[in-house]
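Chain and residue survey
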Amino acid sequence: MANATTQTNRREAFGSRNVFILSAIGSAVGLGNIWRFPYVAYEGGGGAFLIPYLCALLTAGIPLLFFDYAIGHRFRGSAPLAFRRMHRAAEPLGWWQVLICVVIATYYAVIIAWAAMYTWFSARISWGAGNEDAFFFGEFLQLGDVAKDGVSTQFVPQVGYPLIGVWLVVIIIMALGVKRGIGRANLVLMPLLTLMFVLLVVQSLFLPGAVDGLNAFFTPNWEALADPGVWASAYGHIFFSLSVAFGIMVTYSSYLKRRTDLTGSGLVVAFANSGFEILAGIGVFAALGFMAQTQATDVSGVATAGIGLAFVAFPTIVSQAAGGSIIGVLFFGALVFAGITSLISVLEVVVAALQDKLGWRRVPTTLVVSIPIALISVAFFSTTTGLLVLDTTDAFVNAFGIMAVALIAVILVAWVLHRLPVLRDHLNRRSSFRLGRVWMLLVAVLSPIVLGYLFVSEVVAKVTEPYEGYPAWFLAIFGWGMVIALVVLAILLSLLPWSRRSHAKDDPEYDEFLVEESYEPDAETGAVPLPAETSRGVRS
Ligand code: PHE
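So, here is what we can say about the structure in this document.

Conventions and cut-offs
Residues numbered from 1 in each chain as written. Predicted model: local features only at pLDDT ≥ 70, side-chain atom pairs only at ≥ 80, totals over all residues. Heavy atoms only, no water. Near = heavy atom within 4 Å. Polar contact = N/O pair within 3.5 Å; in protein donor to acceptor, adjacent residues only side chain to side chain. Areas by Shrake-Rupley, 256 points an atom, 1.4 Å probe, with all protein chains shown as cover. Helix = DSSP H or I, 4+ residues; strand = E, 2+ residues; numbered from the N terminus. Buried < 20%, exposed > 50% of the residue type's maximum accessible area, 1.4 Å probe, protein only. Contact = heavy atoms within 4.5 Å. Patch = residues over 30% accessible without salt bridge, like charges linked within 9 Å, V, L, I, M, F, W, Y side chains within 5 Å. Salt bridge = Lys/Arg side-chain N within 4 Å of Asp/Glu carboxyl O. Expected span 1.5 Å × (residues − 1). Axes fitted to C-alpha atoms, helices over the stretch in contact; angles between N-to-C directions. Parallel < 35°, antiparallel > 145°, perpendicular 65-115°, else oblique. Left-handed = near helix turned anticlockwise from the far one by under 90°. Nonpolar A, V, L, I, M, F, W, Y, C, P; charged D, E, K, R; others polar.

**Focus on the site of the ligand**
Of all residues adjacent to the ligand, which total 14 residues, the nearest are Ala28, Gly32, Asn33, Phe240 and Ser241. Between the ligand and tyrosine 108 there is a distance of 3.3 Å, counted from an oxygen atom to a side-chain nitrogen or oxygen. Here serine 241 contributes a backbone N or O atom positioned 3.0 Å from a nitrogen atom of the ligand. In isolation the ligand offers 320 Å² of accessible surface; the protein chains occlude 100% of this area. Sorting the residues of the shell around the ligand by element identifies helix H2 (17-28), helix H3 (31-43), helix H12 (228-241) and helix H17 (324-358) as the ones contributing at least two each. Broken down by element, the residue count for the shell around the ligand peaks at 3 residues, all from H3.

Right, dumping it as structure tokens:
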């Protein structure tokens, strides 16, 4: 059986469980933790937000993280392969996740490139103090106006060149493979990131006014808890923050050895991610407290999220604070490292899917995947209207693309294919933290309700109000058009045949694995795995 072909096509693996855990944390800890969480928490009731946040984490985030791990590890494949092995008709779900990851990768890289430039600018405070806003949008991005000028193709070198640099680094990491590339990068970057985070928080706590910032961040506003929107934002944030339903955790867990404590690992990843979030909240609000004090306003007057926080508020703080350069280098450097470890996880979803489907080797697959994404990324986002395209695509694809895929996956697996007992047994076989009925109820009942609510409210919001007031043709192409295009493309990709060389078609390791699991009917439901389930079940 172990002939030359199966040898070369052997599935890659992480060096150890700890490297997997670090890589999963690397994926989860990203821009969301640094620039999104602090503001979401502040808006959602400050200290009181801890309640919806913990509820969301425990009742949906962690259960769905386990769900993703179970699918990837049990069916040992990239998202399309794992779903395909579960049921032929489920394959498009995997491709949909792959395509969402393609979209995310094109712009995630751009933000890393900006942050890299700003790390450099921070060292010399070269953004004309007092005019950080105009500097970022005007001088740095050279932002155009789609309404007036349409989509422009003017190249902006100070964005384009660092972006090319980011892509080169990331392509090298990806080409080195799971163990030597992704595993090692996380092994180096995650401890560094942690150190930078801690230093950043300590440094910002010493700024004058830091206490006001912390008060604003932590003071509980209990009334916020009566607002369903706050609960929805807690759930929405947790899905994004833990990177569930993007195919990432499915892909990463397919690289784990057979005997692995899956639920124990999941708990470590989830709590580490939350730890980073809370630390970021402290650091960011301490710095905002300082900013409010120097401008003689309230923290509420300076609190923002996203691009405004990172590229306008933080540069202002860096300009004004004593030792501002250090804060800037730590903050933007942290964005770069957190971004890179998330970006490689997103790309791995795509690379792994094509490797499985086509049976190609690592390096050619990496190049075929990354070069076109890099080119799209450079072509679109280093031009003067790039930011607006980025923002629109993100708002549509991320918001309901992900909600929809998660919703369909949960309903399909739980209610149509009845595979939850199989997944639960798989998780329990070797795990330290055992799952029972509660987990099944949370995944099968609570999460579809929450996801359905979030999905419908997103769609309603997008239909009733043109996003950011952008022109209708623009939203039709880069918003709605992109969402529809992805769905159609996902279905088409699932119809393409699996290559004969693909290890997915003949995977002795997977077959052995099934024998070892030796399925008996589930005591409660009588569900039995498909009788013909072997890797040979993946036919073209
Ligand atoms: N979890 C990442 C964060 O918190 C975001 C992310 C989601 C990254 C999906 C990649 C894919 O920023």
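**Some thoughts on the environment of isoleucine 21**
Structurally, isoleucine 21 can be placed in helix H2. Note on isoleucine 21: relative accessible area 9%, which makes it buried. What isoleucine 21 contacts, discounting residues up to four positions off in sequence, is Ser265, Val268 and Val269.

**Quick word on a nonpolar patch on the surface**
Taken together, the side chains of Ile484, Val487, Val488, Leu489, Ile491, Leu492 and Leu495 make up a nonpolar region of the molecular surface, amounting to roughly 620 Å² of accessible area. Classification of leucine 492 as partly exposed rests on a relative accessible area of 48%.

**A short note on unusual backbone geometry**
Non-glycine residue serine 243 carries a positive phi angle of around 55°. Within the secondary structure, serine 243 sits in the loop between H12 and helix H13 (248-253). Accessibility expressed as a relative area gives 6% for serine 243, which makes it buried. One non-glycine residue, glutamate 468, lies in the positive phi region at around 55°. Note that glutamate 468 resides in the loop between helix H21 (437-464) and helix H22 (472-495).

**Comments concerning H12**
Because an α-helix completes one turn every 3.6 residues, residues spaced three or four positions apart along the sequence face the same direction. An ideal rise of 1.5 Å per residue puts 20 Å on 14 residues; H12 measures up with 20 Å between its terminal C-alpha atoms. Three or more residues of H12 are buried, namely Val230, Ala232, Ala234, Tyr235, Gly236, His237, Ile238, Phe239 and Ser241. Sitting at the head of H12, aspartate 227 places a side-chain oxygen 2.7 Å from the backbone nitrogen of glycine 229. Of the residues flanking the end of H12, it is serine 243, one or two places downstream, whose phi is positive at about 55°.

**What about the pattern of salt bridges?**
Opposite charge on two side chains makes pairing possible when the charged atoms of those side chains draw close. Across all of its chains, the model carries 7 salt bridges by this definition. Taking the shortest distance from any N to any O, the salt bridge between aspartate 425 and arginine 424 comes out at 3.2 Å. We classify aspartate 425 as partly exposed; its relative accessible area is 25%. Connected through shared salt-bridge partners, Glu12, Glu348 and Arg362 make up one network.

**Some words on the packing of helix H7 (residues 132-140) against helix H16 (residues 306-320)**
Across the interface, H7 lies against H16 with an axial gap of 9 Å and an inter-helix angle of 135°. Comparing the axis directions of H7 and H16 gives the class oblique. In this structure, the crossing between H7 and H16 has a hand that is right-handed. For the pair formed by H7 and H16, the contact residues are Glu132, Asp133, Phe136 and Phe137 on the first element and Ile307, Phe311, Val312, Pro315, Thr316 and Ser319 on the second. Of the residues in the contact of H7 with H16, the class split is 6 nonpolar, 2 polar and 2 charged.

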